[in-house]
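Letter by letter, the chains look like this.
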Amino acid sequence: NAKNGRDVSLLVKKGGVQMFKVTWSTEKVNNANEFKFILHDKLEVNPESILFKNIISQYKFLTPFNTRSGEFEFYVNKVDKNVVLNKFYAKGVVMKDGNKALELLMTTNEQPYKFELFAPALLGNVKPGMTEAKISVAHNPGQSLEMKTNFQKFTGFKIYKTGSGNERKVEVNGKELVMGDYTLTDNSFSTKLTVGADYLEPKITWEGKLPQNKAEAEAFMLKNNIVVKVTGSKRNLDLSLNWKMTKPDFNFGTPENGKISLNAKGHNPRWETTLCLEMPPGRLKTRLLRSTGLDWLSLPKAGLQQPLLLKLHSTSKFCWTRLTSLESS
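Residues numbered from 1 in each chain as written. Predicted model: local features only at pLDDT ≥ 70, side-chain atom pairs only at ≥ 80, totals over all residues. Heavy atoms only, no water.

**Quick look at the pairing of strand β11 (residues 168–172)**
- In this sheet, β11 lies alongside strand β10 (residues 156–161) in antiparallel orientation, the contact comprising 5 bridges. Within β11, the position partnered with Lys-158 by the bridge is Glu-171.
- Where β10 hands over to β11, the hairpin turn is made up of 6 residues, of which Gly-163 adopts a positive phi near 100°.
- Bridge analysis of β11 against strand β12 (residues 175–184) gives 5 bridges, and the strand direction is antiparallel. In the strand pairing of β12, Arg-168 is matched with Gly-180. (Pairing = 2+ DSSP bridges. Helix = DSSP H or I, 4+ residues; strand = E, 2+ residues; numbered from the N terminus.)

Below you can see the structure in the form of structure tokens.
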């Protein structure tokens with residue numbers, strides 16, 4: 001047709017009487033700046049037709065009709081983008097016997113982004129009396145992200161900078177959930193999270209700077225020393241993990257060498273544990289393990305003489321295990 005689309009019409013009669021009629025008409029725009037596709041459709045059905053009696057009148061979730069018309073439009077902005085994708089929208093409306101049965105809008109082509117669905121026949125099965133669902137998302141890159149809904153139990157959330165360094169606050173259903181700040185350098189990451197009167201301050205350090213290319217990533221993974229220190233009002237953790245290995249060639253006939261060491265000590269309201277593991281080439285040693293609140297801990301591995309088991313002692317706050325050494329064959 002004149003709008004770079006197609007026009008289709010289908011008419012079915014029986015004994016000279018129209019049973020149903022379907023018409024489609026499309027429009028299309030496609031150039032360097034945008035893509036747009038529009039569909040117009042209409043369906044007219046005789047109540048005496050087999051289509052109406054056997055299918056349409058038997059609808060369980062949708063509303064039966066004699067005349068249904070619809071218009072759907074899809075658009076993509078080829079020039080402007082959001083954070084990741086090109087701006088776009090999809091919208092449509094369906095009318096049944098002169099009444100609006102469905103309306104849809106989903107767009108990132110404007111602020112705030114929107115998802116709106118009016119569909120009483122569908123949403124009423126999700127929640128009685130529900131006729132429409134509305135979600136809007138306002139995104140200010142680097143500053144804030146806010147979602148609003150018309151739902152009863154979840155009205156939305158908001159994440160935004162407070163104006164104090166990198167500190168951000170998280171709100172859910174209009175109530176403050178958590179507040180946190182962070183610092184990222186070439187070889188460390190630290191943050192502080194606050195929930196009411198409780199706080200948690202983890203800091204992670206490593207050797208060298210964060211990998212920027214394949215060669216740096218390879219060096220980072222073959223040898224490093226990662227230290228995690230967490231302090232908090234109710235929890236703390238000191239953990240060190242270091243390793244060194246030869247570059248694997250994925251030839252299983254070639255021997256590889258490596259060493260890994262893990263030391264961890266922590267405490268929280270439920271249990272306290274201290275764990276030290278060393279794995280030199282061909283050997284696994286468990287030096288010390290103390291725990292409360294753990295039913296068991298097993299280290300299964302082919303060739304180990306036995307697993308290490310922990311049993312909960314209800315009469316003692318701390319459960320010390322014997323010094324155990326596990327040798328690999």
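The structure having been displayed, the exposition proceeds.
**Here we look at the nonpolar core**
- With 8 residues, the main nonpolar core is built from Met-19, Phe-20, Val-22, Leu-43, Val-45, Phe-52, Ile-56 and Phe-65.
- Among the secondary structure elements, those contributing two or more residues to this core are β2 (17–30) and β3 (34–45).
- At 3 residues, β2 tops the list of elements feeding residues into this core.
- Each residue touching Val-45, except ones within four places of it in the same chain, is listed here: Met-19, Phe-20, Leu-51, Phe-52, Ile-56, Phe-65 and Asn-66.
- If you look at the next biggest cluster of nonpolar residues, it comprises 5 residues, including Leu-117, Ala-119, Met-130 and Ala-133. (Core = buried A, V, L, I, M, F, W, Y, C linked by side-chain atoms within 4.5 Å. Buried < 20%, exposed > 50% of the residue type's maximum accessible area, 1.4 Å probe, protein only. Contact = heavy atoms within 4.5 Å.)

**Here's the deal with unusual backbone geometry**
- That bond from Gln-111 to Pro-112 is cis: its omega, -5°, falls within 30 degrees of zero.
- Of note, Asp-97 is a non-glycine position whose phi angle comes to about 50°, a positive value.
- Look at Asp-97 and you get partly exposed, because its relative accessible area is 42%.
- Although it is not a glycine, Asn-173 sits at a positive phi angle of roughly 55°.
- Along the chain, Asn-173 falls in the loop between β11 and β12.
- By relative accessible area, Asn-173 is classed as partly exposed at 33%.

**Observations concerning the environment of Tyr-59**
- Along the chain, Tyr-59 turns up in the loop between α1 (50–54) and β4 (67–81).
- Apart from the residues within four sequence positions on either side, Tyr-59 is in contact with Pro-64 and Phe-65.

**Quick look at the pattern of salt bridges**
- Inspection of the entire model under this criterion finds 10 salt bridges.
- Glu-176 is paired through a salt bridge with Lys-169; the nearest N and O atoms lie 3.5 Å apart.
- For Glu-176, a relative accessible area of 46% translates into the label partly exposed.
- In this structure, the salt-bridge partner of Lys-234 is Asp-198, at a minimum N-O distance of 3.6 Å. Of the two residues, Lys-234 is situated in the loop between β15 (223–232) and β16 (236–245) and Asp-198 in strand β14 (residues 198–205); the sequence distance between them amounts to 36 residues.
- A relative accessible area of 45% places Lys-234 in the partly exposed class. (Salt bridge = Lys/Arg side-chain N within 4 Å of Asp/Glu carboxyl O.)

**A closer look at the packing of aromatic side chains**
- Within this structure, the stated rule accounts for 2 aromatic pairs.
- Here Tyr-75 and Tyr-89 contribute two aromatic rings whose centre-to-centre distance is 5.0 Å and whose plane-to-plane angle is 20°, an arrangement assigned as stacked. Residue Tyr-75 is found in strand β4, and its partner Tyr-89 is found in strand β5 (residues 86–96); the two are separated by 14 residues along the sequence. Just as Tyr-75 is buried, Tyr-89 falls in that class too.
- Between Tyr-182 and Phe-189, the aromatic rings sit 6.2 Å apart at their centres with planes inclined by 25°, giving stacked as the arrangement.
- Stacked on the ring of Tyr-160, the Lys or Arg Lys-158 has its end atom at 4.7 Å from the ring centre. (Phe/Tyr/Trp six-rings, centres within 6.5 Å; stacked < 30°, edge-to-face > 60°. Lys NZ or Arg CZ within 6 Å of the ring centre and 35° of its normal.)

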